[in-house]
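Per-entry structural report
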Amino acid sequence: MVNRKYSGRDFTDVRLTDKSSKEFNGTEIRNSCFYQQYIPGKTPPYDVFPRDMTNVHFVCCNLDNVKIPKECTLEKCTNKIIIPQNDLTDWFCDSNGNPIEPLDKRKRIKLKLPYGPDSIPLTKAEQRPVQAKLDELREQVKKAQKIVTKSILSSLKELG
Amino acid sequence: MATKYVTPNGAGSKDGSDWSNAYDYSAFETYYEGSLAAGDVIYIKPESDGSGFSLTSDLTPFVAGTITAPVKIIGVKKETTNTPPVGSDYAYGTDRPLFTCGAYNFAIGSYFQVMNLRFTGSATDYTTGTSTGDYCLVVNCKATNTSSGYALQLDNYSTVIGCEVDAASDIALRLDVGGRAIYCNIRDSSSGASFAAATHGTAYGCIISGCSTNGMTAGTNFAVINSTIYDCSTGINGGAYNLGILINNIINCHEGGQTGVSYDSGHPYQYADYNCWYNDTDVVNFTKGPHAVNSDPKLKDPANDDFTLDTGSPCFDAGMQPDANIGL
């Protein structure tokens, strides 16, 4: 039975631990986001659902950083550990909270940026690596445009 | 050029061919990242109880539209049965389908048109838009980022019309070269709209309010017209850019220690006129122009989002009236 109350809704950063497990038990929850943002000093996953909740089937739900109660099943869901790092980017992490790869890995590959955990700076960066690289590329384009414009203008002058 | 139909749970055979066989989210994701093609039109509606979608990973297309065959993604009301939908089916306000993104990114490609959708997320990146999407059009969408990322980011020559954007700890709307924000509500963010990396940006008819650092950051040749900027630490931060153009705006940053418009020194090539100035400090390294109105614009109830002019406002009929000069 689809759980209408908890399907297709945004429960980002919402804790439901004080709800009765009867609201959930034996139901199917579809298309909801239960994502919990990282709380500094406290490694995910976090308790979100009532402790005695059981036999809930999640479909197409975002359960990142969420502790899944026993005997609940996931179908086409995500249930990863995500922690932002000193490069100001979210990273997928292992169960101990160690970074594995950044969420923007595809963009980093495209921009030829490193994406291993050793690329994370020891102190907090001022800008995300992808954004810094894009800004750098923009500056290069601007400089190139100036050179081309100067060159065209000087050619036109020569032509009289 | 295919037309596809999407609902959160899908229907029938879930091949996306019509509403009775609509894609569910999972099938939509496979199509969006696999077989989407230029010219495709995607209609999206919520479930009958209004429930929406949840991203379970970045949603990234690997194709672009073209100038003659853009990809269109259109949100429609939950009651819609027309195949294809018509204008009266378009969704507004809370009828717009909602995508909750978590830490993920709803990305679009170049020449994409996105209409009538809502996005909310907590990504340190951004909830929608993409670093590869030029010439995009986003209309009647709402994007919120509750974390340290942007709400909406689009690349070169993209236009955002009639959208609401807010980002708790970052830039709400980031545009690039030739970016245009028209009739947008940009609010309650660390920084409202950023054109800092962009030349030729335009903001027309926008309301920018409640931004803790800058309402807008300018680029070279940046124009702000018919807009209201309210309660921002600095209304417009022009930095070291030239050719800022400000006409017919109300700049009302007067909540203590706030500045209307600030440029770095040594960048005098700017033009402003017919603006209303009511700020703790109106301008820094900037000239208001000969027809400036220097008094309280008397906005009706800006704390409750009513930015219309109250009785006795000095802004009535105080804007540029070009009709006599252009033969109207």
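Please read these numbers as outputs of a predicted model, since none were measured by experiment.

Focus: the overall build of chain A
The helix and strand tally for chain A stands at two helices and six strands. Going from N to C terminus, chain A has its helices and strands arranged as β-β-β-β-β-β-α-α. The C-alpha atoms of chain A give 24 Å as radius of gyration, which overshoots the globular expectation for 160 residues (15 Å, by more than 25%). For chain A, the spread of C-alpha atoms along the three principal axes comes to 85 × 35 × 20 Å.

Describing the pairing of strand S2 (residues 41–44) of chain B
Residues in a regular strand point their side chains to alternate faces of the sheet. Residues and elements named next belong to chain B. Taken together, the four bridges between strand S1 (residues 3–6) and S2 define a ladder with parallel strand orientation. The residue bridging Tyr5 from the neighbouring strand is Tyr43, located in S2. The β-α-β motif built from S1, the intervening helix H1 (residues 25–34) and the parallel element S2 has right-handed crossover chirality. Strand direction decides the pairing type here: S2 and strand S4 (residues 71–75), joined by four bridges, are parallel. From the neighbouring strand, Ile42 faces S4, where its bridge partner is Ile73.

Quick look at helix H2 (residues 129–159) of chain A
Every α-helical turn comprises 3.6 residues, leaving residues that sit three or four positions apart pointing alike. All names here are of chain A. End to end, H2 covers 45 Å across 31 residues, agreeing with the expected 45 Å (1.5 Å per residue, within 8%). In terms of burial, H2 is a largely surface element, three of the 31 residues being buried. Every buried residue of H2 is accounted for by Pro129, Val130 and Gln131. Gly160 lies just past H2 and shows a positive phi near 85°.

Quick look at the confidence of the model for chain B
Chain-level pLDDT for chain B is 93 on average; 97% of the residues reach the 70-or-more range. Both scores are available for the predicted complex, with the pTM at 0.92 and the ipTM at 0.87.

Some thoughts on the sheet that holds strand S3 (residues 73–75) of chain A
Adjacent strands of a sheet form backbone hydrogen bonds with each other and so pair up, either parallel or antiparallel. All names here are of chain A. Pairing in this open sheet of three strands is parallel, and the strands run S1-S2-S3 from one edge to the other. For this open sheet the edge positions go to strand S1 (28–30) and S3, each flanked by a neighbour on one side alone. Strand-to-strand twist across the sheet, computed as the mean angle between neighbouring axes with direction ignored, equals 20°. Two elements, strand S2 (residues 57–59) and S3, share three bridges in a ladder whose sense is parallel. Residue pairing for S3: Val59 is matched across the bridge by Glu75.

Focus on unusual backbone geometry
Of the consecutive residues Pro44(A) and Pro45(A), the connecting peptide bond is found in the cis state with omega at 10°. Mapped onto the secondary structure, Pro45(A) falls in the loop between S1 and S2. Here the amide bond leading from Thr83(B) into Pro84(B) is cis, since omega sits at -5°, within 30 degrees of zero. With respect to the secondary-structure elements, Pro84(B) resides in the loop between S4 and strand S5 (98–102). Despite not being glycine, Asn221(B) shows a phi value in the positive range, around 60°. Examined against the element boundaries, Asn221(B) turns out to sit in the loop between strand S20 (214–217) and strand S21 (222–225). C-beta crowding within 10 Å serves as the criterion here: with 18 such atoms nearby, Asn221(B) is assigned to the partly exposed category. If you check the backbone angles, Asp305(B) has positive phi at about 65° while not being a glycine. By the element assignment, Asp305(B) lies in the loop between strand S30 (299–301) and strand S31 (306–309).

Describing the pairing of S5(B)
Residues and elements named next belong to chain B. Across the five residues of S5, five count as buried, placing the element largely inside the fold. Here S5 shows no split at all, with Leu98, Thr100 and Gly102 on one side and Phe99 and Cys101 on the other all buried. Inspection of the sheet shows strand S3 (residues 53–54) paired to S5 by two bridges, in the parallel sense. Looking at the pairing, Phe53 lines up with Phe99 of S5. Strand direction decides the pairing type here: S5 and strand S7 (residues 118–121), joined by four bridges, are parallel. Counterpart to Gly102 in the pairing with S7 is Gly121.

Description of the interface of chain A and chain B
Across the contact, 32 residues belong to chain A and 28 residues belong to chain B. Going through the elements one at a time, strand S4 (81–84), helix H1 (105–110) and H2 of chain A are the ones with two or more residues in the side of chain A that touches chain B. Top contributing element to the side of chain A that touches chain B by residue count: H2(A), with four residues. Split by residue class, the side of chain A that touches chain B holds 11 nonpolar, nine polar and 12 charged.

Brief notes about the domain arrangement of chain B
All names here are of chain B. Domain parsing of chain B yields domain 1 (1–174) and domain 2 (177–328). For domain 1 versus domain 2, the distance between C-alpha centres works out to 31 Å. Taken together, the contact between domain 1 and domain 2 spans 20 residues of the former and 18 residues of the latter. When residues of the side of domain 1 that touches domain 2 are traced back to their parent elements, those giving at least two are strand S12 (159–161), strand S13 (164–167) and strand S14 (171–174). In terms of residue class, the side of domain 1 that touches domain 2 is made up of 11 nonpolar, five polar and four charged.

Brief notes about the environment of Asn21(B)
Residues and elements named next belong to chain B. Counting through the fold element by element, Asn21 comes out in the loop between S1 and H1. On the basis of neighbour counts, which here come to 14 C-beta atoms within 10 Å, the residue Asn21 falls in the partly exposed class. The spacing of Asn21 and Ala11 is 10 residues in sequence and 4.7 Å in space, taken between C-alpha atoms.

Points about H1(B)
Within the span of H1(B), buried status applies to Tyr25(B), Phe28(B), Glu29(B), Tyr31(B) and Tyr32(B). In the core, the buried residues of H1(B) are packed alongside S1 and S3 of chain B.

Quick word on the sheet that holds S1(B)
Residue and element names in this part refer to chain B. The 11 strands lie next to each other as S1-S2-S4-S6-S9-S12-S15-S18-S21-S24-S27, forming an open sheet whose pairing is parallel. One side of each edge strand has no neighbouring strand; the edge strands of this open sheet are S1 and strand S27 (271–273). The mean inter-strand angle of the sheet, taken between neighbouring strand axes irrespective of direction, is 10°. When strand S9 (residues 137–139) meets S12, the two strands line up parallel, connected through three bridges. When the bridges of S12 are listed, Val138 appears paired with Val160.

Cut-offs applied
Residues numbered from 1 in each chain as written. Chains lettered and ligands numbered in written order. Predicted model: local features only at pLDDT ≥ 70, side-chain atom pairs only at ≥ 80, totals over all residues. Helix = DSSP H or I, 4+ residues; strand = E, 2+ residues; numbered from the N terminus. Rg over C-alpha atoms; globule rule 2.2 N^0.38 Å. Pairing = 2+ DSSP bridges. Right-handed = clockwise from strand over helix to strand, strands pointing away. Expected span 1.5 Å × (residues − 1). Buried ≥ 20, exposed ≤ 12 C-beta atoms within 10 Å, placed from the backbone. pLDDT = per-residue confidence, 0-100. Axes fitted to C-alpha atoms, helices over the stretch in contact; angles between N-to-C directions. Contact = placed C-beta atoms within 7 Å. Nonpolar A, V, L, I, M, F, W, Y, C, P; charged D, E, K, R; others polar. Domains from an automatic or database assignment.

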